[in-house]
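If you want the building blocks of each chain, they are given just below.
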Amino acid sequence: MLSTYRQWNRRARTLLWALTVIGALAALPLGFARHAVEQTSREVEFVFDYRDLVTIAAYKARPQDFIRDELVKMKESGITTMAVYEATFEELSWAGRLTVYSSAQAAALSGKPAPLNENFTYVLFADGASRRAIEPLVRNAFAKIDVAVRTWSFGGREGLVLETPIENAAVRPMMPDPVALEQLSRAGFQILPRLSDRMQPYDNAEMEAMMGRFAELGVKRILFDGEQVTGYNDQANLKSLDHFASLLNKYDIGVAAIENISTPQLGLNKLAYLTDYNAVRLYSLSDADSAALSPATIADRFLLAAKDRNIRLFFLNGAPIRSIDKAAVVDPLDNLYEAIGGSEEEPGAVAKLAAAGFETGSAKPFEYAYAGWQKALRAVAAAGAVAVIALLVGAFAPGLLLPAFALGLIGSAGLYVLNTALLAQALALGAAIAAPTLAIIWALSRVRAHTEGNRRTVGGAWNTAEPADAAADRSDRLFGGRWMFDGLPAGKRLVSALGLYAVTAVISLLGAALVFGLLNNITYMLKLQQFRGVGLLALAPMALTAVYVFLYTGQSVRDNFRKLLRLQITVLWVAAAAVIGMVGLYYLSRTGNAGQASTLELMFRSALESAFGVRPRTKEFLIAHPLFLLGLFLSLRYRAAWVLMIVASMGQLSIVGTFSHIHTPIAISLIRVLLGLGLGAIIGLCLIAFWQLAEGVWKAWAVRSTAKRSD
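Residues numbered from 1 in each chain as written. Predicted model: local features only at pLDDT ≥ 70, side-chain atom pairs only at ≥ 80, totals over all residues. Heavy atoms only, no water.

Points about the overall build of the protein
Now for step 1: From N to C terminus, the protein includes 29 helices and 16 strands.
Now for step 2: Sequence-distant contacts in the protein: of pairs separated by 6 or more residues, those separated by 24 or more amount to 80%.
Now for step 3: A total of about 33,000 Å² of accessible surface is found on the protein, and carbon and sulfur atoms cover 61% of it. (Helix = DSSP H or I, 4+ residues; strand = E, 2+ residues; numbered from the N terminus. Contact = heavy atoms within 4.5 Å. Areas by Shrake-Rupley, 256 points an atom, 1.4 Å probe, with all protein chains shown as cover.)

Written out as structure tokens, the structure reads:
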């Protein structure tokens, strides 16, 4: 019975590899479909924060004239859209619509003492047009919170008295400034409203009127301000989120998803789903970067964001800055104009994006449709993922190969009923870990197949005859460690290493195909959902490879484990472990989107981007792939070189990890991986040549040294 099970288990390995390949092939049409979707949105939109413009103008001698002049410059530079927030007394005051006083200040205007038992807010409108536009907003906003509002006038100007402290009145949001909306629309700008969920409680009629007005102004997208979207707070009681989504659909208005904010805005996923993912991704340039970065750097950032991360909205911030050197309040506006529009010496973002196939206009959502065949192919890819995970289990516990596959199928079926998104992410993570690990294990097995039986020991217990040449003995001790292999000349080892290098990459790419096949969904393209387990993917293949090298490449796992337990730990080992730990922590800190690159590295990345158009991953082509090729070459002769496979697994997992960034165009991911493999091979060949030269020099020196001593 046991022998029959083992026989079936061995046969199952071939069948599971076949199923893995079939699953990867099934994912390829899904990748082509995703590529087609990514080509449906090729317009980018530059947005400036109108509130920032009003703030900057408040430090100018003639604010209104300044705003009018700057709007012309913005239009000429290529900025097409202005972001308008919900109005506040502070912003309306900066814009010159009104003036706000406390009770004491209002009394001082009239030459009277401050009232003893009154802490109200007094508002004076700038003119009749401002009063007609703004007064309804004020009355409506404060009626919701039961604040009494009455008329007031001074110096021939009409105003209002709000029976609430000025500190409370200042933070109360109101409908967006209708005067600003009208002015910006007449100036030819598109409007991007920034709405919050602070105008509570949610009012259906008020929101209907506001969205209708937005539609009249040609608004195509809403950007949310704050930690949650409009309607989120009252969803449980009023179904406000559903109502707001229905208004968006009615007026054909989409939403914007901000890239790399610390906490995703609450309710955005549901709102995107209810609007059939009428959403685009937005990159926000901070106040500090607007002032500190050069125009060329800003333009390159925008180009990279559009090309590599499917960003279609670019949000420009700017703030007044007190400059001690210039003894004045300055702003970054001219810097931004040059970054967008360019100059005679350097093209701006508009020109660079146009050269890359992106036209300036109104950002549009991706056009997608999921046909029935896509669902069927995803099921095949899921089966392939289960198969490759089972193969990984079988690599360490051969007897569990069939049970692992069976349990994987059963568990996947159960998870499919409970949560299909969780199933896709779990299988994608499992395949992402399994494929690169199996690729390295396969490479090790081929190395062992080439060298098994060709082992000769040097200076150890396994030695049966000392080398005749003492110089060769010393070189073997330096380069071969405890034991080395005979049989393969350098030329054949190089050919074998190149073949193993290529096939290992293909095995890893099988896992990459399974990942992008399983995560073929618009939510990942918009980064509303993300591939989970980046940290685990960064460590697991390397850890599993280390376990395999140290425990599974000797006579038996038990014997290898006993040898490891009997090793004497020295201070050098402890120091080495500390260094490896620090390197590991740095490696993890650079994994994912949270890592920070140094200035030198950013310059190096920019040079790569300029040279190739697509930047290959540094850890692949500069570290992991070259060491892998060198390790394969050396492993066919030197046993100690097998340790290099542990570092090499970093490159293989990075291949799969590159394709897990679904918000990156799939063509860019493919080019990035192929560039990494190609450049890594070139650098690896250089390392091999250097090794051969160094080995030859050492052996020649050793021979001469021995000859001198014998004389």
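What to know about the environment of Pro-398
Now for step 1: Structurally, Pro-398 can be placed in the loop between α17 (372-396) and α18 (401-418).
Now for step 2: Using a relative accessible area of 45% as the deciding quantity, one classes Pro-398 as partly exposed.
Now for step 3: It is 9.4 Å that separates the C-alpha atoms of Pro-398 and Arg-13, two residues lying 385 residues apart in sequence.
Now for step 4: Aside from chain neighbours lying at most four places away, what touches Pro-398 is Asn-9 and Arg-13. (Buried < 20%, exposed > 50% of the residue type's maximum accessible area, 1.4 Å probe, protein only.)

What about the pattern of salt bridges?
Now for step 1: All chains considered together, the criterion is met by 23 salt bridges.
Now for step 2: The residue Arg-131 makes a salt bridge to Glu-135 at a minimum N-O spacing of 3.0 Å. Placement of the pair is Arg-131 and Glu-135 together in helix α6 (residues 128-143), with a separation of four residues, close to one helical turn.
Now for step 3: With relative accessibility at 28%, the residue Arg-131 sits in the partly exposed group.
Now for step 4: For Glu-135, a relative accessible area of 13% puts it in the buried group. (Salt bridge = Lys/Arg side-chain N within 4 Å of Asp/Glu carboxyl O.)

Quick notes on the packing of aromatic side chains
Now for step 1: On inspection of all chains with the given rule, the structure shows 17 aromatic pairs.
Now for step 2: The interplanar angle of 90 degrees and the centroid separation of 6.0 Å between the aromatic rings of Phe-396 and Tyr-548 together place this pair among those described as edge-to-face. Placement of the pair is Phe-396 in helix α17 and Tyr-548 in helix α23 (residues 534-551), with a sequence separation of 152 residues.
Now for step 3: Among the residues examined, Tyr-548 registers a relative accessible area of 10% and is labelled buried.
Now for step 4: Following the ring pairs from residue to residue traces out a cluster consisting of Phe-46, Tyr-283, Phe-302 and Phe-314.
Now for step 5: A cation over an aromatic ring shows up here: Arg-51 above the ring of Tyr-85, its NZ or CZ 3.9 Å from the ring centre.
Now for step 6: When the ring centre of Phe-633 is taken as reference, the NZ or CZ atom of Arg-493 above it lies at 4.3 Å. (Phe/Tyr/Trp six-rings, centres within 6.5 Å; stacked < 30°, edge-to-face > 60°. Lys NZ or Arg CZ within 6 Å of the ring centre and 35° of its normal.)

None of the figures reported here should be taken as evidence of function without further support.
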